[in-house]
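An overview of the molecular structure
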Amino acid sequence: MAKAQSRFICQACAAAYGKWSGRCEQCGEWNTIAEEAAPQATPGGLGRGRAGRSLDFVGLKGTSEPAPRRCSGISEFDRVCGGGLVDGSAILIGGDPGIGKSTLLLQAVAALAGRPDQNRDAAALCAYITGEESVDQIRLRADRMGLADCQVKLAAATSVRDIAASLDHAEGPRVVVIDSIQTMYVDTLESAPGTVSQLRAGAQELIRLAKRRGFTLLLVGHVTKEGLSAGPKVLEHMVDTVLTFEGERGHQFRILRATKNRFGPTDEIGVFEMTDTGLAEVPNPSALFLAERRGNVSGSAVFAGIEGSRPVLVEVQALVSASSLATPRRAVVGWDSGRLAMVLAVLEARCGVALTGQEVYLNVAGGLRIGEPAADLAVAAALISAACDRPVPENCVIFGELGLSGEVRAVSQAEARLKEAAKLGFGRALMPPRRKRRGKTAGTEIDAREIGHLQDLVSLLSPAARPVKSQAER
Ligand code: TYD
Ligand code: MG
């Protein structure tokens with residue numbers, strides 16, 4: 001087959017070239033030029049094409065049916081997708097290699113396809129197309145996970161042309177998994193599979209087909225060693241939903257997070273545990289994240305957080321130790337290092353707790369990554385507790401956002417956080433001041449203590465004056 005004309009476009013400034021080069025002459029950026037298929041019509045040549053059809057404009061008000069959902073029954077997965085899969089939508093699942101994307105999607109399509117003896121009305125025709133593993137490998141895995149008799153159509157393929165031809169008919173599958181988009185190639189482009197232009201062209205082709213045939217497309221995208229930019233990130237604007245599957249390699253917990261969703265809320269999380277028979281749902285993540293917590297040690301505080309619509313309790317651990325370095329280390333796992341620097345600065349400037357000459361390590365236990373500013377107060381508590389080697393009061397959860405003057409600011413969904421804490425047996429809470437003053441929250445037995453300023457927390461955790469003198473005082 002004759003190759004279609006392609007052109008080389010700078011991804012930073014959109015300059016077009018006839019051949020590839022390492023540096024864009026127009027904007028001077030390196031490695032931004034990528035091959036793209038030439039458009040069919042000449043750019044700017046609208047006058048020479050067919051006459052356009054005029055659009056039917058409609059009002060904002062109107063009746064439209066909510067999109068029907070296809071539920072897999074794996075509730076952590078369905079919830080993150082916004083309540084099930086929508087026909088004709090494209091979902092990208094990004095994550096590090098080996099994190100469990102293939103495992104999750106195999107389980108999801110197996111659940112959707114059902115077993116032969118199950119009610120066929122609820123089952124959907126599902127296809128799993130692998131470009132990474134062989135059919136035998138997938139079969140072996142399915143067998144190990146006890147899914148071998150599920151009615152999933154399995155194929156190994158990497159050519160987008162072949163895949164499109166197999167899916168492009170009315171009785172085609174309703175849910176299609178492509179594992180992974182990085183291994184797929186479009187034969188009209190000369191660049192290698194996995195390059196930005198191949199990713200875009202392949203995804204575009206498959207998404208267009210999904211919309212036309214009305215099936216749900218699940219694309220797996222590995223986060224490559226160049227980072228997100230050469231991986232799933234370039235596809236994010238093309239798909240309806242972006243899910244990321246994350247977790248620490250050493251931990252068995254995996255977190256599925258929606259970062260974009262045209263059919264539901266974002267920032268929803270689903271928690272899974274990797275077991276030897278696949279991923280198991282974790283209906284109560286707080287209990288899991290706190291499972292290994294040891295009470296009465298300094299430098300540990302329990303943060304009552306909100307992930308999506310769900311409250312989650314996690315342990316924040318801090319360690320402060322003497323340093324011989326000119327610039328002592330600050331290492332953070334699971335939180336933002338800029339935010340840690342801010343909390344340290346507020347502690348020093350407003351409360352006289354100086355950790356300038358010391359190394360500070362902060363860790364969110366269990367492999368969760370916290371994005372909420374509401375964790376500030378819990379981090380501060382862990383730091384103060386570590387610095388003066390006194391445990392945070394037992395049985396206590398903490399949340400609140402810190403301002404630069406040391407004031408503690410209100411955060412959203414305080415009641416939900418307290419309820420979750422009560423559910424897990426916590427009896428006390430340190431939290432921002434509430435507008436309506438109450439000692440105990442309705443329906444819970446939590447003794448909530450309001451902290452208006454960071455200094456109040458310092459006095460509470462280290463009653464014997466200031467734990468570490470500031471540089472100025474020494
Ligand atoms: P996989 O789904 O292949 O990851 P990805 O598709 O994101 O690259 O998961 C691979 C890892 O999961 C592998 O290290 C083994 C582990 N695993 C289990 O622990 N139990 C299981 O049942 C399965 C299928 C995988
Ligand atoms: Mg895989």
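None of these values were measured; they are calculated from a predicted model.

Re the overall build of the chain
Looking only at helices and strands, the chain has ten helices and 23 strands in total. In the chain, buried positions account for 47% of the 474 residues. Total accessible area computed for the chain in this model is approximately 23400 Å², and 50% of it derives from carbon and sulfur atoms.

Section: the site of ligand 1
Surveying the vicinity of ligand 1 reveals 17 residues, the closest of which are Gly98, Ser102, Thr103, Thr275 and Gly278. At 2.5 Å from an oxygen atom of ligand 1 is found a side-chain nitrogen or oxygen belonging to serine 102. At a separation of 2.7 Å, a nitrogen atom of ligand 1 approaches a polar backbone atom of threonine 275. Calculation on ligand 1 without its partners gives an accessible area of 550 Å², and the protein chains cover 74% of this total. Counting residues per element, the ones that place at least two in the shell around ligand 1 are α2 (101-113), α3 (135-144) and β13 (269-275). Residue contributions to the shell around ligand 1 peak at three residues, all from α2. Considered class by class, the residues forming the shell around ligand 1 number four nonpolar, eight polar and five charged.

A few points about the side chain of serine 89
Turning to its location among the elements, serine 89 is positioned in the loop between β5 (85-86) and β6 (90-95). Look at serine 89 and you get buried, because its relative accessible area is 2%. Each residue touching serine 89, except ones within four places of it in the same chain, is listed here: Lys211, Phe215, Thr216, Leu217, Asp240 and Phe263.

Some remarks on the sheet that holds strand β2 (residues 16-17)
Taken in spatial order, the three strands make up an open sheet running β2-β1-β3, and their pairing is antiparallel. Looking at strand neighbours, the two that pair on one side only are β2 and β3 (33-37), the edges of this open sheet. Pairing analysis gives two bridges linking strand β1 (residues 6-10) to β2, with the strands arranged antiparallel. Pairing of isoleucine 9 across the sheet is with alanine 16, part of β2.

A few points about unusual backbone geometry
With omega at 0 degrees, the peptide bond leading from aspartate 179 into serine 180 counts as cis. Looking at the element boundaries, serine 180 is found in the loop between β9 (175-179) and α5 (196-213). Even without a glycine there, the phi angle at asparagine 395 is positive, about 70 degrees. Within the secondary structure layout, asparagine 395 lies in the loop between α8 (376-387) and β19 (396-398). Residue glutamine 413 is not a glycine yet carries a positive backbone phi of 55 degrees.

Some words on the packing of α8 against helix α10 (residues 454-461)
α10 packs onto α8 with a crossing angle of 35 degrees between their chain directions and a minimal axis gap of 10 Å. As for the relative orientation of α8 and α10, their crossing is right-handed in sense. Here Leu377, Ala380, Ala381 and Ile384 of α8 come into contact with α10, specifically with Leu454, Leu457, Val458 and Leu461. For the contact of α8 with α10, the per-class residue count stands at eight nonpolar, no polar and no charged.

Details of empty space enclosed by the protein
Applying the stated criterion across every chain, the model contains four cavities of 30 Å³ or more. Its volume calculated, the largest cavity comes out at about 110 Å³. If you tally residues by element for the lining of the largest cavity, the top one is strand β15 (residues 300-307), at three residues.

Considerations on the environment of alanine 123
With respect to the element layout, alanine 123 can be found in the loop between α2 and β7 (126-130). Distance in space between the C-alpha atoms of alanine 123 and arginine 174 is 9.9 Å, their sequence separation being 51 residues.

So, the environment of alanine 345
Along the chain, the position of alanine 345 falls in helix α7 (residues 337-351). Spatially, the C-alpha atoms of alanine 345 and glycine 406 are 9.8 Å apart, while their sequence positions differ by 61 residues.

Brief notes about the confidence of the model for the chain
Looking at the chain as a whole, its pLDDT mean stands at 86, while 90% of the residues score no less than 70. With pLDDT under 50 throughout, residues 465-474 is counted as low confidence; its partners more than four residues away or in other chains account for 22 contacts.

What about the pattern of salt bridges?
A full pass over the atoms with the stated rule returns 22 salt bridges. Three or more residues joined by partner-sharing salt bridges are found here, namely Glu76, Arg79, Glu268 and Arg310.

As for the sheet that holds strand β16 (residues 310-322)
Pairing within the open sheet is mixed, and its seven strands lie in the order β17-β18-β16-β15-β19-β22-β23. Pairing within the sheet leaves two strands with one partner each, and these edge strands are β17 (330-333) and β23 (447-450). Strand after strand, the sheet turns through a mean of 25 degrees between neighbouring axes, direction not considered. Relative to β16, β15 runs antiparallel, the two being bridged by eight bridges. Its bridge partner being in β16, alanine 304 is matched across the sheet by leucine 313. Packed onto the sheet, α8 meets β15, β16, β18 (358-364), β19 and β22 (428-431) and runs at close to 30 degrees relative to β16.

A short note on the nonpolar core
If you look at the biggest cluster of nonpolar residues, it comprises 67 residues, and the most contacted ones within it are Phe303, Trp335, Val343, Leu383, Ile398, Leu454 and Leu457. Per element, the largest residue contribution to this core is nine residues, and it comes from α8. Both domain 2 (69-283) and domain 3 (288-461) contribute no fewer than three residues apiece to this core. The residues contacting leucine 383, other than those within four sequence positions of it, are Ala318, Val320, Leu340, Val343, Leu344, Leu347 and Val360. Counting residues in hydrophobic clusters, the runner-up holds 34 residues, among them Ile91, Ala110, Leu218 and Val220.

Basis of the calculations
Residues numbered from 1 in each chain as written. Chains lettered and ligands numbered in written order. Predicted model: local features only at pLDDT ≥ 70, side-chain atom pairs only at ≥ 80, totals over all residues. Heavy atoms only, no water. Helix = DSSP H or I, 4+ residues; strand = E, 2+ residues; numbered from the N terminus. Buried < 20%, exposed > 50% of the residue type's maximum accessible area, 1.4 Å probe, protein only. Areas by Shrake-Rupley, 256 points an atom, 1.4 Å probe, with all protein chains shown as cover. Near = heavy atom within 4 Å. Polar contact = N/O pair within 3.5 Å; in protein donor to acceptor, adjacent residues only side chain to side chain. Nonpolar A, V, L, I, M, F, W, Y, C, P; charged D, E, K, R; others polar. Contact = heavy atoms within 4.5 Å. Pairing = 2+ DSSP bridges. Axes fitted to C-alpha atoms, helices over the stretch in contact; angles between N-to-C directions. Left-handed = near helix turned anticlockwise from the far one by under 90°. 1 Å grid on protein atoms, 1.4 Å probe; cavity = no way out; pocket = protein on both sides within 12 Å on 5 of 7 lines; lining within 4 Å. Points joined across faces, edges and corners; volume = space filled by probe spheres on them. pLDDT = per-residue confidence, 0-100. Salt bridge = Lys/Arg side-chain N within 4 Å of Asp/Glu carboxyl O. Core = buried A, V, L, I, M, F, W, Y, C linked by side-chain atoms within 4.5 Å. Domains from an automatic or database assignment.

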